Amino acid sequence: INGNGRDLSLIEDNSIDSIITDHPYDLSKSLTGGNRKFATYELFKYQEQDFKEKNRVLKPGAFCVEFLPEENEVNYEYLYQVKQMAVEQGFKYFAKVPWLKGDFVANTGRKSKNAEDVMIFSKGEPRALKLNAKKNYAEAREHNLDISGLSSEQVKELLQQNNLTVHYMKGTSGMLPKAFDYQPRGLKEKVMEAEKPIELLEDIIEYVTLPFEVVLDQFAGSGNLAIASANKKRSSILIEKDCPMFERMKNHVDRSLISSS
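For clarity, every value in this text was computed on a predicted model and none was experimentally measured. (Residues numbered from 1 in each chain as written. Predicted model: local features only at pLDDT ≥ 70, side-chain atom pairs only at ≥ 80, totals over all residues. Heavy atoms only, no water.)

1. A closer look at unusual backbone geometry
Moving on, step 1. Of note, the phi angle at N14 is positive, near 50 degrees, even though the residue is not glycine.
Moving on, step 2. In this fold, N14 is placed in the segment before strand 1 (16-21).
Moving on, step 3. The phi dihedral of N163 is positive, around 55 degrees, even though this residue is not glycine.
Moving on, step 4. With respect to the helices, strands and loops of the structure, N163 is situated in the loop between helix 4 (152-161) and strand 8 (168-169).
Moving on, step 5. The exposure class assigned to N163 is exposed, which follows from its relative accessible area of 71%. (Helix = DSSP H or I, 4+ residues; strand = E, 2+ residues; numbered from the N terminus. Buried < 20%, exposed > 50% of the residue type's maximum accessible area, 1.4 Å probe, protein only.)

Okay, structure coming up:
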């Protein structure tokens, strides 16, 4: 969709399974170094209405994943405000995992930077995506299934094959890692400056959604979320405001999906 990602009026209430997005935050001192500018796109700061709309369109328990800058002397107050706004609009803070950018280093601010934060909230109590291994093993034993040597995932598949209940508990599909470690593409290879690696997005998608669910990126930029979603058998809705960027995004997504089909 070529439109304003802050206006979600075209999306129905409780219809989205997850939001994974990176808003173009207005922290100019963090986005400049000497006479260099690292953001050429329109910037803004979130307001409570933004989280009110996110909450409206997400299904109960769904995860909202926000890419945010690593905390520093310029942005710490804004990052605190983001968390407060989210909580005031019905979200629960779930976890924060750093994205380590391989050997990439940004020399801005008071120290060199190599990370962004992946901030995860849930709409109310988090949905149940994590396998309850204890209950699943008990379920299998109760029905005399041979589970010797099977992993939790294999036990799940065995239960499904026998039309038995698979038990889950609240949380992401697995224990979140200490960090996501993915090298960003080189500047000349990128569709836009702040794009996220497809492999990183695939990883996150698998933690917060199930196959065939719908993921929303309000500030789509390169469109890599669409590619990652398709690779992981999810549907996606992408919104991008900038018209030239929107056309580059469409071409990028089309080329990528055609080449992988």
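2. Structural notes on the packing of helix 3 (residues 133-142) against helix 4
Moving on, step 1. Their axes nearest at 10 Å, the elements helix 3 and helix 4 cross at an angle of 45 degrees. Judged by the angle between their axes, helix 3 and helix 4 are oblique. Here helix 3 and helix 4 pass one another in a crossing that is left-handed. Within the contact between the two elements, helix 3 uses A133, N136, Y137, E139 and A140 and helix 4 uses S152, V155 and L159.
Moving on, step 2. Residues belonging to the contact of helix 3 with helix 4 are distributed by class as follows: 5 nonpolar, 2 polar and 1 charged. (Axes fitted to C-alpha atoms, helices over the stretch in contact; angles between N-to-C directions. Parallel < 35°, antiparallel > 145°, perpendicular 65-115°, else oblique. Left-handed = near helix turned anticlockwise from the far one by under 90°. Contact = heavy atoms within 4.5 Å. Nonpolar A, V, L, I, M, F, W, Y, C, P; charged D, E, K, R; others polar.)

3. Concerning the sheet that holds strand 1
Moving on, step 1. Spatial ordering of the open sheet is given by 9-5-6-4-1-10-11, a layout of 7 strands whose pairing is mixed. Either end of the sheet is taken by a strand with one partner, and the two such strands are strand 9 (180-181) and strand 11 (235-238).
Moving on, step 2. Note: strand 1 against strand 10 (residues 214-217), 2 bridges, orientation parallel. By the bridge assignment, S18 is partnered in strand 10 with V215.
Moving on, step 3. Sheet strands in contact with helix 1 (residues 48-57) are strand 1, strand 4 (58-69), strand 5 (91-100), strand 6 (115-123) and strand 10, and its direction is about 140 degrees off that of strand 4. (Pairing = 2+ DSSP bridges.)

4. Notes on the packing of aromatic side chains
Moving on, step 1. Applying the stated criterion to the full structure yields 11 aromatic pairs.
Moving on, step 2. Ring geometry for F63 against F94: centres 5.1 Å apart, planes inclined by 70 degrees, an arrangement best described as edge-to-face. Within this pair, whereas F63 is found in strand 4, its partner F94 is found in strand 5, the two being separated by 31 residues in sequence.
Moving on, step 3. Residue classification places F94 among the partly exposed residues on the basis of a relative accessible area of 28%.
Moving on, step 4. Chaining the aromatic ring pairs together yields one cluster made of F44, Y46, F51, F91, Y93, F121 and F219.
Moving on, step 5. Over the aromatic face of F51 sits the side chain of K54, whose NZ or CZ is 5.8 Å from the ring centroid.
Moving on, step 6. Over the ring of F67 we find K196; its NZ or CZ atom is 5.1 Å from the centre of that ring. (Phe/Tyr/Trp six-rings, centres within 6.5 Å; stacked < 30°, edge-to-face > 60°. Lys NZ or Arg CZ within 6 Å of the ring centre and 35° of its normal.)

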